[in-house]
Amino acid sequence: MTIKDIVNEFNTTPFLFVGSGVSRRYLNLPDWRGLLEHFAREINEDEFSLSSYESRARNMECGYGILPKVAELIQKDYDEKWFSDSSIRRAETYEMQKVKEGVSPFKVEIAAYLKRIAQEQEIYADEIKKLHDVSERGIAGVITTNYDSFLEDHLSDFTKYVGQSQLIFAPIQGIAEIYKIHGSLEKPESLVITEQDYRQFDLKSAYLIAKLMTLFMEYPIIFLGYSISDRNVQSIMKGIVDCLDDDQLNVLQNRFVFVEYEKGRVGAEITHYTIMVNDRPLNMRRIVLEDFQLLYRELENKKSKLPVRLLRRFRQELYDFTLTNETTANLRVAALEDERVADDELVLAIGKAKDLGLKGLSGISGNEWYRNVVLNDLPFSNDDLIEYAMPSVVNQFTRKIPIHKYLVGTKREHPEALQIAKEMNFDTIISKTDKKNRSLLGDYTSIKQIWENEKQDKKKAYRLMAYLKEEQFVMKDLESVLLEIFNEDVNVLENASASEKTGIRRLIRIYDWLKWGKTKEPSN
């Protein structure tokens, strides 16, 4: 049997279950023990510092294995030293704010340390590119216990969910998504590393197990970067196996594939492997290899008919429509009571906007209009956006909208849009109150200074930015800030507080004016 044979048996594109071996391989990050050793030496610079914690842990009850207990012991000592000895503080100013909010310094410094030392390995550049290419159509989604950002940085437009809380409350679609079940570096408080963290994780794991069981029954699962004996895998397997009967377990045996790295291996070795979970056998395939491209190339041949990011977008649009019964910018259907559609019929159409009727553009929200100025993510021409979407957006914001970008390259006449643009300049964007408050800027003279020092309190940062004069705005710096805001949360205009939304929209109007409005012939 070959890798190709295994992949050809898949009924659909697979989910990847990704462990720390991938981060070690591609970012040269330490394993769990190596990470704990670094922080043990921060407390006590001694070659036996970690051994000392391991010795203490062995004399204690370790319900989740020795390393979570060691992490808990180190966290206690590290936090105490961090507060009393500033010399061990390495985190950036905005990360320090997390400590003020009650997050453990140990977790904040872990996040800062891993971000600081992560370095993409040039030797694996071809592998990394191939993984990106495969993700376009060959990977349905990813579950990972890794904290770092490698996956979201390299998989093609996958949506990320951090921790169990986001999985519970977000409208996940089950495709082109990354589930970071043990937390993520940008949210140090989410990291699952100590025994207490694992205890809390297990207490809240019922929904996660149910979600994983659904995925495991629907998709092939490829375990990548784990050892078969890994406690994280064993724990999740136990939760799944406890819920399934023998017939259901037999269904899984052809869907579970473990990939293990072996240095010096030429080609790939394929074997059957059985693990015992609560005295019940769970069968799977095991692939042993050194070059991961052997796997990625075969996955690339198992393509979905559409890019997975588009499949996810369609699912999301359909989900939103079923909740609101309102046409969206990307999904157009006949009204549910339309006499042309019989009761036993459902008609959906996929095609270009011009073929489906541009009136659906009126479903574009003001937030999408604003976001498109920064991300350019609406798949319509500027002429069509102005003609069909602008009227409802204008009503939402009483003509206070970014408009200059939308006038670029238009081929039709748009007198109302031109009038809105004519009425707008920097002085009309900034309120009289903000102009009077410029004395509150202190020593700040640029958006870059404000963002670097105040972004931990975004409400304050946006307020201070409004006090800057036009000549103090550097367009490229403003663009970088806006991209960072949307990269952190693409739906920030839906999720942020009211005052933060106001601040972001103001910045977007300034950006629109600086980039496309000041010159007589705006450029793309």
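Per chain, the residues get numbers from 1 upward, laid out in the order the sequence is written. For a predicted model such as this one, the threshold for reporting local features is a pLDDT of at least 70, and the threshold for listing and counting side-chain atom pairs is 80 or more; totals across whole chains, interfaces and linings nevertheless cover every residue. Processing note: side-chain calculations cover all non-hydrogen atoms of the structure and skip hydrogens and water entirely.

Brief notes about the confidence of the model for the protein chain
Turning to step 1, where the next piece is worked out: Overall, the predicted model of the protein chain reaches an average pLDDT of 85, with 87% of residues at or above 70.
Turning to step 2, where the next piece is worked out: For every residue, the predictor states its confidence as a pLDDT score lying anywhere from 0 to 100. In this analysis, two residues are considered to be in contact whenever any of their non-hydrogen atoms come within 4.5 Å of each other. Of the regions scoring below 50 in pLDDT, residues 333–338 engages in 6 contacts with residues more than four places distant in sequence or in other chains.
Turning to step 3, where the next piece is worked out: This model gives residues 343–347 a pLDDT under 50, and the stretch forms 1 contact once residues within four places in sequence are excluded.

Structural notes on the side chain of threonine 194
Turning to step 1, where the next piece is worked out: Helix and strand definitions follow DSSP, with helices as H or I runs of at least four residues and strands as E runs of at least two, each counted in order from the N terminus. Mapping threonine 194 onto the fold places it in the loop between β4 (177–180) and α11 (195–203).
Turning to step 2, where the next piece is worked out: The exposure class assigned to threonine 194 is buried, which follows from its relative accessible area of 1%.
Turning to step 3, where the next piece is worked out: Those residues within four positions of threonine 194 in sequence are excluded, and the remaining contacts are Pro68, Ala71, Glu72 and Gln75. The cut-offs for exposure are 20% and 50% of the maximum accessible area for each residue type, with area from a 1.4 Å probe on protein chains only; residues under the lower value are buried, those over the upper are exposed, and the others partly exposed.

Looking at the packing of helix α3 (residues 32–43) against helix α4 (residues 49–58)
For any two helices packed against each other, one specifies the inter-axial angle together with the distance between the axes.
Turning to step 1, where the next piece is worked out: For helices, the fitted axis covers only the stretch in contact; all axes are lines through C-alpha atoms, and the angles between them, taken along N-to-C directions, range from 0 to 180 degrees. Two numbers describe how α3 lies on α4: the axes approach to 8 Å, and their chain directions differ by 105°. The angle between α3 and α4 falls in the class roughly perpendicular. Where α3 approaches α4, its residues Arg33, Leu36, Glu37, Ala40, Arg41 and Ile43 are matched on the opposing element by Ser49, Leu50, Tyr53 and Glu54.
Turning to step 2, where the next piece is worked out: By residue class, the composition of the contact of α3 with α4 is 5 nonpolar, 1 polar and 4 charged. Under this scheme an angle from 65 to 115 degrees is roughly perpendicular, one under 35 degrees roughly parallel, and one over 145 degrees roughly antiparallel; angles in between are oblique. Under the scheme applied here, ten amino acids are nonpolar (Ala, Val, Leu, Ile, Met, Phe, Trp, Tyr, Cys and Pro), four are charged (Asp, Glu, Lys and Arg), and all others, including Gly, are polar.

Focus on the packing of aromatic side chains
Turning to step 1, where the next piece is worked out: Pairing of aromatic rings covers Phe, Tyr and Trp, the last through its six-membered ring, and needs centres within 6.5 Å; plane angles under 30 degrees mean stacked, over 60 mean edge-to-face, and all others mean tilted. Considering all chains together, one arrives at 23 aromatic pairs under this definition.
Turning to step 2, where the next piece is worked out: With a centroid separation of 5.2 Å and 20° between ring planes, the pair formed by phenylalanine 17 and phenylalanine 223 is classed as stacked. One end of the pair, phenylalanine 17, is in strand β1 (residues 15–18); the other, phenylalanine 223, is in strand β5 (residues 221–224), and 206 residues separate them in sequence.
Turning to step 3, where the next piece is worked out: Members of the aromatic cluster, each reached through a chain of ring pairs, are Phe17, Phe216, Phe223, Tyr226, Phe256 and Phe258.
Turning to step 4, where the next piece is worked out: The rule is short: NZ of Lys or CZ of Arg within 6 Å of the ring centre and within 35 degrees of the ring normal puts a charge over the ring. Sitting over the ring of tryptophan 82, arginine 89 keeps its end group 4.5 Å from the ring centre.

A short note on a nonpolar patch on the surface
Turning to step 1, where the next piece is worked out: A contiguous nonpolar surface patch, about 340 Å² in accessible area, is contributed by Ile168, Phe169 and Tyr207.
Turning to step 2, where the next piece is worked out: Mapped onto the elements, tyrosine 207 comes out in helix α12 (residues 206–218). Here the term patch refers to residues with relative accessible area over 30% and no salt bridge, with like charges joined within 9 Å and nonpolar side chains (Val, Leu, Ile, Met, Phe, Trp, Tyr) within 5 Å. Only the protein chains shown count as cover for residues, and the accessible areas themselves come from Shrake-Rupley with a 1.4 Å probe. Salt bridge, as applied in this entry: a Lys or Arg side-chain nitrogen positioned within 4 Å of an Asp or Glu carboxyl oxygen.

Description of the pairing of β1
Turning to step 1, where the next piece is worked out: Here β1 shows no split at all, with Phe15 and Phe17 on one side and Leu16 and Val18 on the other all buried.
Turning to step 2, where the next piece is worked out: Strand pairing is assigned whenever DSSP detects at least two bridges linking the two strands. The pairing of β1 with strand β2 (residues 141–144) spans 4 bridges and is classified as parallel. Each bridged residue has a counterpart across the sheet, and for valine 18 the counterpart in β2 is threonine 144.
Turning to step 3, where the next piece is worked out: One ladder, built from 4 bridges, connects β1 with β5; its direction is parallel. Bridged to phenylalanine 15 within β5 is isoleucine 221.

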